[in-house]
Amino acid sequence: MAAGEQLKFPQAYLAMGNGDLLQVTNFTVTLGSGAKQAHTLRRRGAGIIPGNQESQVTFDSIISEDGIERNYWRDVIEGTIRQLRAKIPGGRTTLTINGAFSQCDLDGPLDDATKVSCTFIGHMEKPEV
């Protein structure tokens, strides 16, 4: 295999506000259309009923000695509207979700880094490709 046939696979990034979230270790963006299969008396699977679009972002973040980079707990308590951007490698597509944090969990194990796990729900803007 020639060297020119190998591709690099860079990481995706998650951003909020004016910059990337540097302590995030992994994240998942989920988009659901809420569509359902419609059946009639005469025909199974007759069509599709469009539903309500729902988006969710979950991520884990480790806390350094400088502390947590954003106050996720305050955002959960206050219901603050935020915008998360998932930057997909290649530079052509950014998924933008406007919404609020619905849950924030803190995990402080004895033998590993202290971790925060957050769930963000909202509306995804139509991505440009």
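For clarity, every value in this text was computed on a predicted model and none was experimentally measured.

Parameters and conventions
Residues numbered from 1 in each chain as written. Predicted model: local features only at pLDDT ≥ 70, side-chain atom pairs only at ≥ 80, totals over all residues. Heavy atoms only, no water. Core = buried A, V, L, I, M, F, W, Y, C linked by side-chain atoms within 4.5 Å. Buried < 20%, exposed > 50% of the residue type's maximum accessible area, 1.4 Å probe, protein only. Helix = DSSP H or I, 4+ residues; strand = E, 2+ residues; numbered from the N terminus. Contact = heavy atoms within 4.5 Å. 1 Å grid on protein atoms, 1.4 Å probe; cavity = no way out; pocket = protein on both sides within 12 Å on 5 of 7 lines; lining within 4 Å. Points joined across faces, edges and corners; volume = space filled by probe spheres on them. Nonpolar A, V, L, I, M, F, W, Y, C, P; charged D, E, K, R; others polar. Pairing = 2+ DSSP bridges. Phe/Tyr/Trp six-rings, centres within 6.5 Å; stacked < 30°, edge-to-face > 60°.

Novice: Please explain the nonpolar core as it appears in this structure.
Specialist: Nonpolar side chains tend to gather and get buried jointly when the protein is soluble and globular. Counting residues in hydrophobic clusters, the biggest one holds 17 residues, and the most contacted among them are Leu21, Val57, Phe59, Tyr72, Leu84, Phe101 and Cys118. At the level of secondary structure, the elements contributing two or more residues to this core comprise β1 (13-16), β6 (54-62), β7 (82-87), β8 (94-107) and β9 (115-124). Excluding residues within four positions of it along the chain, cysteine 118 makes contact with Val57, Thr58, Phe59, Tyr72, Phe101, Gln103 and Cys104.

Novice: Where do I start with the layout of surface pockets in this structure?
Specialist: Reported here for the largest pocket is a volume of approximately 150 Å³. As for the largest pocket, its lining consists of Gln11, Ala12, Tyr13, Leu14, Asp20, Leu21, Leu22, Val24, Thr25, Asn26 and Phe27. Contributions of two or more residues to the lining of the largest pocket are made by β1 and β3 (24-32). With four residues, the top contributor of residues to the lining of the largest pocket is β3. The residue inventory of the lining of the largest pocket, partitioned by class, reads seven nonpolar, three polar and one charged.

Novice: Could you clarify how one ought to interpret the sheet that holds β8 in this entry?
Specialist: Adjacent strands of a sheet pair through backbone hydrogen bonds, lying either parallel or antiparallel. If you walk across this open sheet you meet the seven strands as β2-β1-β7-β8-β9-β6-β3, and the pairing is antiparallel. With one partner strand each, in any of the chains shown, β2 (19-20) and β3 form the two edges of the open sheet. Where β1 meets β7, four bridges bridge the pair, whose relative direction is antiparallel. Opposite leucine 14, over in β7, you have alanine 86 as the bridge partner.

Novice: What should I look at first to understand the environment of valine 29 in this one?
Specialist: Here valine 29 lies in strand β3. Valine 29 sits 91 residues away from phenylalanine 120 along the chain, and the two C-alpha atoms are 9.4 Å apart. Valine 29 has contacts with Gln56, Val57, Ala86, Leu95, Ile97 and Met124, leaving out every residue within four places of it along the chain.

Novice: Would you take a moment to explain the environment of isoleucine 97 for this structure?
Specialist: For isoleucine 97, the location among the structural elements is in strand β8. The spacing of isoleucine 97 and glutamate 125 is 28 residues in sequence and 6.2 Å in space, taken between C-alpha atoms. Residue contacts for isoleucine 97: discarding those within four places in its chain leaves Val29, Ser55, Val57, Arg82, Gln83, Leu84, Phe120, Gly122, His123 and Met124.

Novice: Is there a simple way to think about the packing of aromatic side chains in this case?
Specialist: This structure, assessed with the given rule, holds four aromatic pairs. Plain terms: the ring middles of phenylalanine 59 and phenylalanine 101 are 6.1 Å apart, the flat faces sit at 75° to each other, and that makes the pair edge-to-face. Of the two residues, phenylalanine 59 sits in strand β6 while phenylalanine 101 sits in strand β8, which places them 42 residues apart along the sequence. In this pair, the class of phenylalanine 59 matches that of phenylalanine 101, namely buried. Grouping aromatic residues by their ring pairs yields a cluster made of Phe59, Tyr72, Phe101 and Phe120.

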